[in-house]
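Topology and contacts: notes
Each chain is listed here by its residues.
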Amino acid sequence: MALVLNEEQQMLKESAQGFLNEFAPVAELRNQRDAGSETGYADNLWGQMAEMGWAAILVPEAYGGLEFGHVGMGQIIEQTGRTLTASPLFATAVLGVTAINNAGNEAQKAQLLAAIAAGELTTALAVDETAHHAPAQISTRASLGDGGYSISGSKCFVVDGGTADRLIVAARTSGLAGEMQGISLFLVDRTASGVSVERTQMVDGRNYANIQFDNVLVPATDLLGEEGNGYAALSATLDAGNVYLAAELLGIAQESFDRTLQYLKERKQFGVLIGSFQALQHRAAHWWSEVELCKSVVLKALQAMDANDRQAPALASIAKAKLSEVAELATNEAIQMHGGIGMTDEYEIGFFIKRARPAQTLFGDSSYHTDRFAQLSGF
Amino acid sequence: MSDLQAFRQETRDWLEDNCPQSMRSPSAGEDMCWGGRNFEFSSEDQKLWMERMGAKGWTAPDWPTEYGGGGLDRAQHKILKEEMARINARSPLSSFGIWMIGPALLKFGSEALKQQHLPPIVRGEVRWCQGYSEPGAGSDLAGLQSKAEDMGDHFIANGQKVWTSYGDKADWMFCLLRTDPDAKKQSGISLALFDMETPGVTPKPIKLISGSSPFCETFLDNVRVEKDQIVGEVNQGWTIAKYLLTHEREMIGGMGMAATGADSLGQTAVKALGMTEGRLNNPILRAEVAKWEIDGACFALTAERVTDEIKSGHGVGATSAMLKYYGTELNKRRFETLLKVNGSRAMLWDGEASKGGWLPRTWLRTKGNSIEGGTSEVQLNIIAKNILGLG
C-alpha cells in the first residue's frame, strides 16, 4: 500500500485540526491544569468528539461503529499531539475498543462497543504494577469462586483511571509473574466494592490513577476472552496503544518544530535573526529530517494494523522507539532554541516536553521497545 | 488476463530464457558490470547478460524506445524489478550514463545529442564519467575555474577536474566548464561532452585511504570540444548541473543502503558474537545494532514514502537533500557498528579470509559518502535554506 493518505483520511486530518484548534488548543490544557480539573479536559469535549463520530472510528460497523480504520484514527491522535489535547480518545476509543474487539465475546462487543461508539461509556486499561512497563510481570490475582472471580492486587499509572466507567484489568488466573500464560482480562466497574482509586498528580497534568483491588467480586460474564489466554489480546492492545502514542508524539515533534522554526524567524540577537546562524540552521535541518523519518514509520505502523500485517508488532516497537527518541530531541531543542523564554510557564513551548515524556514512558520507552524489536528480530 | 498480467508472464519467460544462471546471485563486492569500450568482463555470462538486456532496452527500462530504452511505464517497470528480484537477477549494467547524463539529456538535450548518445549508453557500449569538482571548487562547485574558450566553430578547454569517478576507465566525460569568464559565478557555465581519447585529456588515478583508486584527477590541456556537444544553451549549464546534483544525491542516498549483501546487521551480529538465551552476547552492541536497524527501517520507509508522494502528486515531500544527508550518515554508522561486531577480524587489510580486506576498505570508503555529491553540511544548508526558509 502506498505510504500516503487517501482523500478521506486527509479530510479527517484537516477537520480534526480545525476542531482541536478551536475547542481544545494548548491554552485549554493550561485552563484545565490551573482549575485542578478532575478529567484533564473540558466537560463537553468528549460529547463533541463522540458527536463527530471519533469514538466510533475503530468500532466495526456491525456494532454501530464507523470502521474507518487506524490510519484515520491516527490522524486525529496526531493532531491531539499538536494541541496537547487530553480526552478519552486514547484510553476508550483506542485501547478500550481494541481490547474488547480483540478479546470480547459477541454479547460483550454488542453491548460495550455500541456504548463506546455512542459516547456513553468510557474505559481505562489497567496493566502495569510498577513504574516500568512489563506486561507479563502481573501479580494481581483473580480466583474463581462462588459467584464469580475475586480480584486482588494493585495497578499504577492507569490512564483515565480516575474517571473511566469501566476498567479493563489484566490479572493472573494462574502461573507466576513473568509468564505470559495465565493472564486474563476482566471488566471491572470503577465504583465496584473493593476498588480504591487514587488520582496521581503528573507532569502533563493528565488524569492517571493508582488503583487497589481488594477482593473485588467480578461476575464470570465480565471475563473478557478466555481465562488464562488474555496475553495475546493484551499484547495487540498495547501494540495499538504504542502506535497511537507514537502518532501523538509525532504531533508533538512537529508542533514544537513549527513553533521553534517560527521563533528562529522572529527573534533577533546581535542585530540579526537567530535563524541566520548556521549553528542553529543545521540543528533545525537535522531535526526536520528526523521528523520526516517519523512521519513514514507512524503511517506504516498504522497501515500495518489496518492490514493485520504480521509485521505490525515489530513496527509498533520501531515506531514507539523512534518517536520516543525524536520527541526527546524535539522538545529539548525547542526549549534550547527558545532560550530563556522557553523556560517560563507563561510561554506554551514548555508544555510540549511535559506531555512528551509521559507519552514516551507509557507502555514502554525507547529502551523497552528497542529491546523488544531486537527480540522480535531474533537477536 | 489483464495487460499487466500478460506483461508479467512475458517478462518472467524472457528472463527465464535469457538470464544466465551465474547472473542469478548478488554480485560480490566490486564485481559490477560497467560496460564501455575497454571494460574487462569478469565472465562471458556477464557480457551476455548486459548485451541481452541492453538489446531489449531493459538496462534503461523507462527510457523511450526511440532512444533504445525499454519504454516501460511505471507499472511495467515495477513488474520488471519484481521479476528480476524473484530470480535474484543482478543489475546488468551500472552506468553513470543511465543514472546521470542520460536523464539530463532526455530533459535538456537536443534531438541530435539524444540520438547520438543515448542508444550506446543503453547498450553498455559507452562508459561515462563526470567532470564537476576541481581542486578549488568542492562544496563551492560554482566556483569552478576550468574554462572553454570560443574559437568560432569549436571550444578549447583548459583546466583541472578532480574526483572524476573511474575517469581512467571512462569513454566520455560530461564536464562543467566556464564559457563566460566575465559572468557572475553561476552564469557563464556550460555542460560540455567530449571523448576521453581527445588529445589533451589526461586522467590520473588517486589512491584513497581505502587503498583503491575509484577516482581520478583529470587534466584538460587544450582539449577541443565541438560546439554541438554543449547540452542545452551555452552559459546555461548551471541549471542542468543542479538537476544532475539532485540525481546524484538520490543515487548516493539510495545506494548507501543497498550494498552489504544478504545479511541484516542483526544477523551479522548473531553470527559474529553468538547469543545466550536468545540475546546477543554483547548487550551494549545489541542495543547499538537494534538502534541502527530501527533507524534503517525508518529511513527505508521514508524513501518509499517520498516516492509514493511524488507518484500521487502530493507535493515534493522530503527532498533529495534530506535523503542524501540521512542515508549517508546512516551508512557510515552501519559500518562503524559492523567493525565493532567483527572485532579485530575487521582490521584484516588483505588475504583470503577477509576477502581482500573487504570490510575495512568498504568502511573507509563510506567516509566519502557524506562528502561526495555535496557534503552533509551542504545538504543541511540546502534543507535550512530551501525547505525551512532560514536565511
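Just so it is clear, the structure is predicted and the values come from calculations on it, not from any experiment. (Residues numbered from 1 in each chain as written. Chains lettered and ligands numbered in written order. Predicted model: local features only at pLDDT ≥ 70, side-chain atom pairs only at ≥ 80, totals over all residues.)

A look at the overall build of chain B
For chain B, the helix and strand inventory stands at 11 helices and 10 strands. Radius of gyration (C-alpha) of chain B: 22 Å, near the 21 Å computed for a compact globule of 391 residues. In terms of overall dimensions, chain B has C-alpha extents of about 75 × 55 × 50 Å along its principal axes. Looking at chain B as a whole, 41% of its 391 residues are labelled buried. (Helix = DSSP H or I, 4+ residues; strand = E, 2+ residues; numbered from the N terminus. Rg over C-alpha atoms; globule rule 2.2 N^0.38 Å. Buried ≥ 20, exposed ≤ 12 C-beta atoms within 10 Å, placed from the backbone.)

Remarks on the overall build of chain A
If you tally the helices and strands in chain A, you get 11 helices and 10 strands. Since a compact globule built from 379 residues should have a radius of gyration of about 21 Å, the 21 Å found for chain A is in line with a globular shape. Taking the principal axes of the C-alpha coordinates as reference, chain A spans close to 80 × 45 × 40 Å. Considering chain A as a whole, with its 379 residues, one finds that 55% of them fall into the buried category. Sequence-distant contacts, at least 24 apart, represent 74% of the contacts inside chain A between residues at least 6 apart. (Contact = placed C-beta atoms within 7 Å.)

Comments concerning the domain arrangement of chain B
Under the domain assignment, chain B is made up of domain 1 (3–94), domain 2 (128–235) and domain 3 (256–387). With centres defined by C-alpha atoms, the gap from domain 1 of chain B to domain 3 of chain B works out at 27 Å. (Domains from an automatic or database assignment.)

Some points on the domain arrangement of chain A
All names here are of chain A. Looking at chain A, the domain boundaries give domain 1 (7–121), domain 2 (124–231) and domain 3 (237–376). Its C-alpha centre places domain 2 at a distance of 31 Å from the equivalent point of domain 3. Facing 7 residues of domain 2, the contacting portion of domain 3 comprises 10 residues. Grouping the amino acids of the side of domain 2 that touches domain 3 by side-chain chemistry returns 5 nonpolar, 1 polar and 1 charged. (Nonpolar A, V, L, I, M, F, W, Y, C, P; charged D, E, K, R; others polar.)

Side note on helix H2 (residues 44–56) of chain B
Residues and elements named next belong to chain B. Taking 1.5 Å of rise per residue, 13 residues should cover 18 Å, and H2 covers 18 Å from first to last C-alpha, within 8% of that figure. Considered for burial, the residues of H2 that qualify are Gln 46, Trp 49, Met 50, Met 53 and Gly 54. For H2, the arc enclosing every buried residue in end-on projection is 125°, short of the 170-degree limit, so these residues lie on one face. Against helix H5 (111–122) lie the buried residues of H2. Positive phi shows up at Gly 57, right after H2, with a value of about 85°. (Expected span 1.5 Å × (residues − 1). Arc of directions from axis to C-beta.)

So, the packing of helix H7 (residues 231–264) of chain A against helix H9 (residues 312–338) of chain A
All names here are of chain A. It is the contact of H7 with H9, at a shortest axis distance of 8 Å, that shows an interaxial angle of 25°. Considering their axes alone, H7 and H9 lie roughly parallel with respect to each other. In the packing of H7 onto H9, the handedness of the crossing is left-handed. Class assignment of the residues belonging to the contact of H7 with H9 gives a composition of 20 nonpolar, 6 polar and 4 charged. (Axes fitted to C-alpha atoms, helices over the stretch in contact; angles between N-to-C directions. Parallel < 35°, antiparallel > 145°, perpendicular 65-115°, else oblique. Left-handed = near helix turned anticlockwise from the far one by under 90°.)

Quick notes on the packing of helix H9 (residues 320–342) of chain B against helix H10 (residues 358–366) of chain B
Residue and element names in this part refer to chain B. Contact geometry for H9 and H10: axes closest at 9 Å, N-to-C directions at 155°. With respect to their mutual orientation, H9 and H10 come out roughly antiparallel. In this structure, H9 meets H10 at a crossing whose hand is left-handed. Along its contact with H9, which presents Asn 331, Lys 332, Phe 335, Leu 338, Leu 339 and Asn 342, the element H10 presents Leu 359, Thr 362, Trp 363 and Thr 366.

Focus: the interface of chain B and chain A
Residue-level contacts link 35 residues of chain B with 30 residues of chain A. Those elements that provide at least two residues to the side of chain B that touches chain A are helix H7 (265–273), helix H8 (283–311), H9 and helix H11 (376–387) of chain B. Here the side of chain B that touches chain A takes 16 residues from H8 of chain B, the largest share from any one element. Across the side of chain B that touches chain A, the residue classes break down as 22 nonpolar, 6 polar and 7 charged.

Comments concerning the nonpolar core
The biggest cluster of nonpolar side chains holds 157 residues, and the ones touching the most others in it are Phe 186, Val 298 and Ala 301 of chain A. A per-element tally of this core places H7 of chain A first, with 18 residues. Apart from the residues within four sequence positions on either side, Ala 301 of chain A is in contact with Val 243, Ala 246, Leu 315, Ala 316 and Ala 319 of chain A. Ranked by size, the runner-up nonpolar core spans 57 residues in total, among them Trp 172, Leu 177, Leu 193 and Ala 241 of chain B. (Core = buried A, V, L, I, M, F, W, Y, C linked by C-beta atoms within 7 Å.)

As for H11 of chain B
Look at H11 of chain B: 16 Å from first C-alpha to last across 12 residues, which is about the 16 Å you get at 1.5 Å a residue. Taken as a whole, H11 of chain B has its buried residues at Ser 376, Val 378, Gln 379, Leu 380, Ile 382, Ile 383 and Ala 384 of chain B. In the core, the buried residues of H11 of chain B are packed alongside helix H8 (278–306) of chain A together with H9 of chain B. Once H11 of chain B ends, the next one or two residues include Gly 389 of chain B, with phi positive near 70°.

Structural notes on the confidence of the model for chain B
Residue and element names in this part refer to chain B. Mean pLDDT over chain B: 92, with 94% of residues reaching 70 or higher. H5 holds the highest mean pLDDT among the elements of chain B, 98, whereas helix H6 (residues 237–255) holds the lowest, 79. Taken together, the chains of this predicted complex give a pTM of 0.91 and an interface ipTM of 0.95. (pLDDT = per-residue confidence, 0-100.)

A few points about the pairing of strand S2 (residues 141–145) of chain A
All names here are of chain A. As defined by bridge partners, S2 adjoins strand S3 (residues 148–159) across 5 bridges and the pair is classed as antiparallel. The partner of Ser 143 across the bridge, within S3, is Ser 150. Where S2 folds back onto S3 in an antiparallel hairpin, the turn is made up of 2 residues, including Gly 147, whose phi is positive at roughly 80°. (Pairing = 2+ DSSP bridges.)

Examining unusual backbone geometry
All names here are of chain A. In the Ramachandran plot, Leu 84 falls in the positive-phi region, its phi being about 55° despite a non-glycine side chain. As for its position among the elements, Leu 84 is in the loop between helix H4 (70–83) and helix H5 (89–103). Its 28 C-beta neighbours within 10 Å are what place Leu 84 among the buried residues.

Side note on the environment of Gly 153 of chain A
All names here are of chain A. With respect to the element layout, Gly 153 can be found in strand S3. Along the sequence, Gly 153 and Thr 39 sit 114 residues apart, while their C-alpha atoms lie 24 Å from each other. When residues no more than four places from it in sequence are discounted, the contact partners of Gly 153 are Ser 139, Thr 140, Arg 141, Ala 171 and Phe 213.

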